[in-house]
Amino acid sequence: MTLSRWVPQLLRARLAEAAVRRDAARAVESVDAAVLWLDISGFTSLTRRLAEQGPRGAELVSGVLDRCYGTLTDRIAAAGGDVIDFAGDGILAIWPAREGTSLASAVDRAARCARELQSALDRSEVMEGVELRLYAGLGAGTLALLDVGGAENRWRFLLAGDPLVQMGRAKAACAAGDVVLSPEATAIQRAATERVERPEAVHELADGGTATPTADATDETALRAYIADEVLRRVDAGQAAWLAEFRRASIVFVVVPT
């Protein structure tokens, strides 16, 4: 099984380019992009109900997550986006302004994709009495691409920059079913020289294209340095799907100001 499915396309492109340059240094790079945060509410109550069913409930949770997040990530990829990370119920995706496309176009594609994902989620049937709703916040601008870590050859691919701050503020202003653009993302669209059709029901936060495929990195050793040990163990054992289980855990989110 190829490991490329477990890392973002943006990272695979960086690793492939570094291999061509034979440059071992992990330099900080920048990219202009639209960034989208999708937060799905409803999974907590669903998991709590299924946990009461023991092992069978864990299997059901696994199936629901596979169907829901599989659909979302497939649709993001089809819309030219790249899923960078997951955090809790949320998905972080990016639409780079690639050669020949404007940043305004990237913002438009990300917003349209968010609306399509909301429609798909509204039509999904998860479990009687359980409603899943999507909240979407969108920012745009210049992002820094970072590789953090190095101890025991373990690395983490991260994004940094003002678009992430915009995205967080826009998401905080969401109601269920909303797609909210930051003022900066809205200004980028308005300043575009070509007219960009606005997606329906996309809201602007008050002040206060298809992606070009890239070749996978041929050195899977480089990819392994960015993949969680638990994932690697399952992949090495030939397990194509997750094995679900319930665990008690304490989760801590840390915000590092830039």
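Everything here concerns the structure above.
Below: a short report on this structure. (Residues numbered from 1 in each chain as written. Predicted model: local features only at pLDDT ≥ 70, side-chain atom pairs only at ≥ 80, totals over all residues. Heavy atoms only, no water.)

1. Let's talk about the packing of helix H2 (residues 43-51) against helix H3 (residues 55-78)
Counted only if it meets this: Axis geometry follows a simple rule: fit a line to the C-alpha atoms, using only the stretch in contact for helices, then measure angles between N-to-C directions, giving values from 0 to 180 degrees. A helix here means a DSSP run of H or I that spans at least four residues, while a strand means a run of E at least two residues long, and both kinds are numbered starting from the N terminus. Put simply, angles under 35 degrees are roughly parallel, angles over 145 are roughly antiparallel, angles from 65 to 115 are roughly perpendicular, and the rest are oblique. Whether two residues are in contact is decided by their heavy atoms: any pair within 4.5 Å suffices. Note that Gly is not counted as nonpolar here; it falls among the polar residues with everything else outside the nonpolar set of Ala, Val, Leu, Ile, Met, Phe, Trp, Tyr, Cys and Pro and the charged set of Asp, Glu, Lys and Arg.
Relative orientation of the contacting elements H2 and H3 amounts to 155°, with a least axis distance of 8 Å. With respect to each other, H2 and H3 are oriented roughly antiparallel. On H3, the residues that touch Phe43, Leu46, Thr47 and Leu50 of H2 are Gly57, Leu60, Val61, Val64, Leu65, Cys68 and Tyr69. Per-class residue counts for the contact of H2 with H3 are nine nonpolar, two polar and no charged.

2. A closer look at the pattern of salt bridges
To be explicit about the condition: Salt-bridge detection follows one rule: a side-chain nitrogen of Lys or Arg within 4 Å of a carboxyl oxygen of Asp or Glu.
Evaluation of the coordinates by the stated rule reveals nine salt bridges. In this structure, aspartate 39 and lysine 171 form a salt bridge, with 3.1 Å as the shortest nitrogen-oxygen distance. Of the two residues, aspartate 39 is situated in strand E1 (residues 29-41) and lysine 171 in helix H5 (residues 162-172); the sequence distance between them amounts to 132 residues. A salt bridge links arginine 233 to glutamate 230; its shortest N-O distance comes to 2.7 Å.

3. Quick word on the packing of aromatic side chains
Definition in use: Centres within 6.5 Å make a pair out of two Phe, Tyr or Trp rings, where for Trp the six-membered ring is used; the pair is then stacked when the planes are under 30 degrees apart, edge-to-face when over 60, and tilted otherwise. Between buried and exposed lies partly exposed: a residue is buried under 20% and exposed over 50% of the maximum accessible area for its type, with that area taken using a 1.4 Å probe on protein chains only. Whether a charge lies above a ring is judged from NZ of Lys or CZ of Arg, which has to be within 6 Å of the ring centre and within 35 degrees of the ring normal.
Within this structure, the stated rule accounts for one aromatic pair. With a centroid separation of 6.0 Å and 75° between ring planes, the pair formed by tyrosine 69 and phenylalanine 86 is classed as edge-to-face. In this pair, tyrosine 69 sits in helix H3 while phenylalanine 86 sits in strand E2 (residues 82-87), placing the two residues 17 residues apart along the sequence. Looking at tyrosine 69, the relative accessible area reads 11%, which means it is buried. By relative accessible area, which is 45% here, phenylalanine 86 ends up partly exposed. Between the NZ or CZ atom of arginine 5 and the centre of the ring of tryptophan 6, over which it lies, the distance is 5.1 Å. Above the plane of the ring of tyrosine 135 lies lysine 171, whose end atom (NZ or CZ) is 5.8 Å from the centre.

4. A closer look at the pairing of strand E5 (residues 155-160)
This is how the line gets drawn: Between any two strands, at least two bridges found by DSSP are needed for them to pair.
Bridge analysis of strand E4 (residues 133-149) against E5 gives six bridges, and the strand direction is antiparallel. Looking across to E5, one finds that leucine 145 is bridged to leucine 159. Where E4 folds back onto E5 in an antiparallel hairpin, the turn is made up of five residues, including glycine 150, whose phi is positive at roughly 115°.

5. Quick look at helix H6 (residues 183-190)
Keep this limit in mind: It is the directions from the helix axis to the C-beta atoms whose arc is reported.
All buried positions along H6 are accounted for by Ala185, Thr186 and Gln189. Buried residues of H6, viewed axially, fall in a sector of 100°; they line one side.

6. Topic: the side chain of aspartate 39
Note the following rule: In the analysis that follows, any N or O atom pair within 3.5 Å is treated as a polar contact, provided that within protein one partner can donate a hydrogen and the other can accept it, and provided that, for residues neighboring in sequence, both atoms belong to side chains.
In this structure the side chain of aspartate 39 is engaged in a polar contact, spanning 3.1 Å, whose partner is the side chain of lysine 171. Every residue in contact with aspartate 39, bar those within four places of it in the chain, is listed here: Asp89, Gly90, Arg133, Leu134, Tyr135 and Lys171.

7. Side note on a nonpolar patch on the surface
Convention followed: A patch consists of residues exposed above 30% relative accessible area that lack any salt bridge, with like charges linked at up to 9 Å and nonpolar side chains (Val, Leu, Ile, Met, Phe, Trp, Tyr) linked at up to 5 Å. A 1.4 Å probe and the Shrake-Rupley method give the accessible areas. Residues count as covered only by the protein chains that appear here.
Together, Val252, Val254 and Val256 make up an exposed nonpolar region whose accessible area comes to about 350 Å². With respect to the helices and strands, the residue valine 254 is situated in the segment after helix H8 (229-236). Accessibility expressed as a relative area gives 68% for valine 254, which makes it exposed.

8. Quick look at H3
Convention followed: To estimate how far a helix should extend, the number of its residues minus one is multiplied by 1.5 Å.
Between its terminal C-alpha atoms H3 stretches 34 Å, which fits the 34 Å expected from 24 residues at 1.5 Å a residue. Just downstream of H3, glycine 80 is the residue with a positive phi angle, here 90°.

9. A word on unusual backbone geometry
Positive phi outside glycine occurs at glutamate 152, with the angle close to 55°. Phi at asparagine 153 takes a positive value of approximately 55°, unusual for a residue other than glycine. Its location among the elements puts asparagine 153 in the loop between E4 and E5.

10. Quick look at the environment of alanine 185
Here alanine 185 lies in helix H6. With a relative accessible area of 0%, alanine 185 lands in the buried category. As a C-alpha pair, alanine 185 and glycine 139 span 46 residues in sequence and 5.5 Å in three-dimensional space. Not counting the four nearest positions on each side in its chain, alanine 185 is found in contact with Val107, Leu138, Gly139, Ala140 and Gln166.

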